[in-house]
Amino acid sequence: MAMYGPDVTFLGVPRCDLDDPSSYADADVVVVGAPFDGGTSHRPGTRFGPKAIRTTDYLGQHGSRPSLALRTDGLRDLRVLDAGDVEMFSGDAERSLTTLRGEVAKVVRAGAIPLILGGDHSIAFPDAGGVADVLGHGRVSMIHFDAHADTGDIEFGSLWGHGQPMRRLIESGALRGDRFLQIGLRGYWPGSDVLKWMAEQRMRSYEMSEIVARGLSSCLTEAFEIATDDCDGVFLSVDIDVCDPGHAPGTGTPEPGGLSARELLDSVRRICLELPVVGIDVVEVSPPYDHADITAALANRVVLEALSAIAHRRTGEAWDPLRPLLDGR
């Protein structure tokens with residue numbers, strides 16, 4: 001079901017029911033909505049993110065999106081189903097996050113990739129945790145796009161919040177600190193005590209100054225080598241605030257100086273073309289703070305870019321970005 005707004009699927013793909021394994025037994029990807037903002041520390045509204053990501057598009061909701069760049073249709077070349085929203089009451093974080101973790105694990109057990117639409121970044125704990133519960137703790141690496149490290153300990157008296165999921169994942173043993181790659185950090189949080197903890201876990205965090213100095217492509221190449229060393233799969237977590245607020249204004253904790261929309265889309269495409277992605281979440285889209293659907297449209301395209309690239313990777317063919325759109329022209 002949909003918790004907020006009309007009960008629609010992602011761009012019109014077929015439905016499935018996570019309580020009926022036969023309905024998604026043949027799925028390649030299952031979209032799951034996580035309409036939760038109970039972990040928000042500043043501006044709320046991400047509970048409305050899944051609906052916005054599913055529907056913000058100027059084309060018809062007919063379950064087809066051929067990619068001009070990749071020559072694939074991620075919604076048709078893959079078997080993509082939408083399970084609707086997990087019931088997540090923002091007033092009870094522990095119950096809601098536990099429920100989501102179980103639903104994500106169902107998708108992975110069926111052999112499909114869970115693609116979770118958030119919601120605030122609290123949901124990364126059950127998202128990546130649910131994948132690791134099935135594939136093995138310590139066997140999944142994380143590539144995390146974000147302005148913020150999300151490695152806080154206790155915030156506002158709670159262990160559960162959108163500034164803490166990455167710490168909880170590492171502390172729980174679900175993910176390894178030395179296979180945790182963060183892209184796009186910047187700004188004025190966290191402080192030295194949290195950075196010290198991160199270093200002790202052997203995390204690798206690429207702050208924007210390093211990305212600008214070395215180049216995003218170089219940093220990604222290095223991150224890929226780490227992520228695929230002694231791990232069986234990669235979880236991709238995209239906080240939309242990794243982009244500059246000019247490209248993604250509709251988010252709870254905007255931080256100037258981030259990636260462009262083009263850089264994020266190119267990065268997601270490359271990750272899903274080159275790496276064994278086993279789970280994805282797209283989080284922190286807050287429609288009440290959006291303008292002209294800029295942020296929701298970008299998040300929608302992040303999802304499509306990932307699906308298109310996964311579909312192309314499964315063809316086994318190399319992708320040539322220099323190939324003209326029109327053959328011979």
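Preceding block: the structure.
Below you will find a few notes about this structure. What you are looking at is a predicted structure, and each value in this text was computed from that prediction instead of being measured. (Residues numbered from 1 in each chain as written. Predicted model: local features only at pLDDT ≥ 70, side-chain atom pairs only at ≥ 80, totals over all residues. Heavy atoms only, no water.)

Observations concerning the packing of helix 8 (residues 216-227) against helix 9 (residues 261-274)
Where helix 8 contacts helix 9, the two axes come as close as 12 Å, and the packing angle between them is 30°. Put simply, helix 8 runs roughly parallel to helix 9. The hand of the helix 8/helix 9 crossing is right-handed. In this structure, helix 8 contributes Leu216, Ser217, Leu220, Thr221 and Phe224 to the contact, and helix 9 contributes Glu263, Ser267, Arg270, Ile271 and Glu274. (Axes fitted to C-alpha atoms, helices over the stretch in contact; angles between N-to-C directions. Helix = DSSP H or I, 4+ residues; strand = E, 2+ residues; numbered from the N terminus. Parallel < 35°, antiparallel > 145°, perpendicular 65-115°, else oblique. Left-handed = near helix turned anticlockwise from the far one by under 90°. Contact = heavy atoms within 4.5 Å.)

A short note on the nonpolar core
Counting residues in each nonpolar core, the largest one holds 58 residues, and the members touching the most others are Phe10, Ile143, Phe145 and Leu264. Per-element accounting of this core gives the leading share, eleven residues, to helix 10 (residues 294-313). Contact partners of Phe145, with chain neighbours within four places excluded, come to Ile183, Leu220, Leu236, Ser237, Val238, Asp239, Val242, Leu259, Leu264, Ser267 and Ile271. Leu97, Ile123, Phe125 and Ile170 belong to the second-largest nonpolar core, a separate cluster that totals 43 residues. (Core = buried A, V, L, I, M, F, W, Y, C linked by side-chain atoms within 4.5 Å. Buried < 20%, exposed > 50% of the residue type's maximum accessible area, 1.4 Å probe, protein only.)

Some remarks on the pattern of salt bridges
Applying the stated criterion across every chain, the model contains 31 salt bridges. For Arg101, the salt bridge identified is with Asp133, shortest N-O distance 2.7 Å. In this pair, Arg101 sits in helix 3 (residues 93-109) while Asp133 sits in helix 4 (residues 124-135), placing the two residues 32 residues apart along the sequence. What makes Asp133 partly exposed here is its relative accessible area of 35%. Taking the shortest distance from any N to any O, the salt bridge between Asp178 and Arg179 comes out at 3.5 Å. Asp178 gets classed as buried once you look at its relative accessible area, which sits at 18%. Salt bridges sharing common partners tie together Arg139, Arg176, Asp178, Arg179, Arg202, Asp229, Asp230 and Asp232. (Salt bridge = Lys/Arg side-chain N within 4 Å of Asp/Glu carboxyl O.)

Topic: helix 3
Under the 1.5 Å per step criterion, the end-to-end length of helix 3 is 24 Å for 17 residues, consistent within 8% with the ideal 24 Å. Residues of helix 3 that are buried: Ala93, Ser96, Leu97, Leu100, Arg101, Glu103, Val104, Ala105, Val107 and Val108. Its buried side turned inward, helix 3 meets strand 1 (29-34), strand 3 (113-118) and helix 4. (Expected span 1.5 Å × (residues − 1).)

Section: unusual backbone geometry
A cis amide bond links Gly118 to the next residue, Gly119, at an omega of 15°. Along the polypeptide, Gly119 turns up in the loop between strand 3 and helix 4. Here the residue pair Trp189 and Pro190 is connected by a cis peptide bond, since its omega of 10° sits within 30 degrees of zero. Summarising the element assignment, Pro190 is placed in the loop between strand 5 (180-185) and helix 6 (192-200). Phi at Arg202 is positive, roughly 65°, even though this residue is not glycine. Along the chain, the position of Arg202 falls in the loop between helix 6 and strand 6 (204-207). Residue classification places Arg202 among the exposed residues on the basis of a relative accessible area of 60%.

Points about the sheet that holds strand 3
Read from one edge to the other, the open sheet built from eight strands follows the order 2-1-3-8-7-4-5-6, with strand pairing classed as parallel. Both outer strands of the open sheet, strand 2 (80-85) and strand 6, are each paired with one neighbouring strand and no more. Averaged over all adjacent pairs, the angle separating strand axes in this sheet is 15°, with direction ignored. Here four bridges tie strand 5 to strand 6, and the two strands are oriented parallel to one another. Looking at strand 6, one finds that Gln182 is bridged to Ser205. (Pairing = 2+ DSSP bridges.)

As for the pairing of strand 5
Here strand 5 lies mainly inside the structure; six of its six residues are buried. Across four bridges, strand 4 (residues 140-145) lies against strand 5 in parallel orientation. In the sheet register, Ile143 faces strand 5, and the bridge partner there is Leu181. Crossover connection from strand 4 via helix 5 (residues 165-172) to parallel strand 5: handedness right-handed. (Right-handed = clockwise from strand over helix to strand, strands pointing away.)

A closer look at the packing of aromatic side chains
Centre-to-centre distance and the angle between the planes together describe a pair of aromatic rings. Going through the model one piece at a time under the given rule, you end up with two aromatic pairs. With 5.2 Å between their ring centres and 70° between their planes, Tyr4 and Phe48 make a pair best called edge-to-face. Within this pair, whereas Tyr4 is found in the segment before strand 1, its partner Phe48 is found in the loop between strand 1 and helix 1 (49-55), the two being separated by 44 residues in sequence. Given the relative accessible area of 21%, Tyr4 is considered partly exposed. Take Phe48: its relative accessible area is 32%, and that puts it in the partly exposed class. Ring centres of Phe125 and Trp160 lie 5.2 Å apart, and the angle between their planes is 50°; on these two criteria the pair is classed as tilted. Taken together, the positions of Phe125 in helix 4 and Trp160 in the loop between strand 4 and helix 5 put the pair 35 residues apart, joining distant regions of the chain. Overall, Phe125 belongs to the buried group, its relative accessible area being 12%. The ring of Trp197 has Arg167 sitting right over it, with the charged end atom 4.3 Å from the ring centre. (Phe/Tyr/Trp six-rings, centres within 6.5 Å; stacked < 30°, edge-to-face > 60°. Lys NZ or Arg CZ within 6 Å of the ring centre and 35° of its normal.)

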